[in-house]
Amino acid sequence: MLAPFFASFAYVALRAFQQLNVQHHKIGWAVPISYGMAYFDMFLIGTIAINAVNLEDKVWLWFQLGTGGALGAIFSMLLHKKFRKDK
């Protein structure tokens, strides 16, 4: 199941994008990004809680969350830069 990977990717991408919005004073994006973050935050907390009870394959979950988060941060930085039209 790769759902934790994609959820981590989306959550970290949204978090990084939100940070860039704050840094560049993009107020209009604050609300929708916050709701997206809340959705994936709830999903990830539930996924982690279930895996804490089921002691199987924690390394796979750790790998998915870490890799998804790293790629999400990189994606968000590139996307935000494109929106700002920086070179």
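See the structure above.
Asks: Whenever I open this one, the packing of aromatic side chains confuses me. Can you help?
Replies: Think of a pair of aromatic rings as described by two things: how far the centres are apart, and how the planes are tilted against each other in angle. Per the stated rule, a full pass over the model turns up seven aromatic pairs. Considering the side-chain rings of F5 and F6, the 5.1 Å spacing of their centres and the 80° angle between planes classify their relative orientation as edge-to-face. Looking at F5, the relative accessible area reads 17%, which means it is buried. A residue is classified by how much of its surface remains accessible, and F6, at 51% relative accessible area, is exposed. Ring geometry for F9 against F75: centres 5.5 Å apart, planes inclined by 45°, an arrangement best described as tilted. Of the two residues, F9 sits in helix α1 (residues 3-23) while F75 sits in helix α3 (residues 58-84), which places them 66 residues apart along the sequence. In textbook terms, an aromatic cluster arises when at least three aromatic residues are bridged by ring pairs, as seen for F17, W29 and F83.

Asks: How do you make sense of α1 when you look at a structure like this?
Replies: Because an α-helix packs 3.6 residues into every turn, residues spaced three or four apart end up facing the same way. Taking 1.5 Å of rise per residue, 21 residues should cover 30 Å, and α1 covers 30 Å from first to last C-alpha, within 8% of that figure. Just downstream of α1 lies H25, where phi reads positive at about 55°.

Asks: Where do I start with a nonpolar patch on the surface in this structure?
Replies: Judged by side-chain polarity, L2, F6, W60 and F63 come together as a nonpolar surface patch covering roughly 420 Å² of accessible area. Here L2 lies in the segment before α1. Given a relative accessible area of 44%, L2 falls into the partly exposed group.

Asks: Explain the side chain of Q18 to me, please; I cannot follow it from the model alone.
Replies: Mapping Q18 onto the fold places it in helix α1. In contact with Q18, not counting residues within four places along its chain, are W29, A30, I33, S34 and M37.

Reading the values: the criteria
- Numbering of residues starts from 1 in every chain and runs along the sequence as written.
- Local features are withheld for residues below a pLDDT of 70 in this predicted model, meaning they are given only at 70 or higher, and side-chain atom pairs are given and counted only at 80 or more; totals for whole chains, interfaces and linings count all residues.
- The side-chain values count all of the structure's non-hydrogen atoms but skip hydrogen atoms and water molecules.
- Stacked, edge-to-face and tilted are the three classes for Phe, Tyr and Trp ring pairs, Trp counted by its six-membered ring, which pair at centre distances within 6.5 Å; planes under 30 degrees apart are stacked, over 60 edge-to-face, the rest tilted.
- Note on exposure labels: buried denotes an accessible area under 20% of the residue type's maximum, exposed denotes more than 50%, and partly exposed covers the range between, all computed with a 1.4 Å probe on protein chains only.
- For the purposes of this entry, the term helix denotes a DSSP run of H or I that reaches at least four residues, the term strand denotes a run of E that reaches at least two, and both are numbered from the N terminus.
- Given a helix with a known number of residues, its expected span is that number minus one, times 1.5 Å.
- Think of a patch as exposed residues, more than 30% relative accessible area, with no salt bridge, where like charges cluster within 9 Å and nonpolar side chains (Val, Leu, Ile, Met, Phe, Trp, Tyr) cluster within 5 Å.
- Only the protein chains shown count as covering a residue, and every accessible area follows the Shrake-Rupley method with a 1.4 Å probe.
- The term salt bridge refers to a side-chain nitrogen of Lys or Arg lying within 4 Å of a carboxyl oxygen of Asp or Glu.
- The contact definition used throughout considers only heavy atoms, calling two residues in contact when any of these lie within 4.5 Å.

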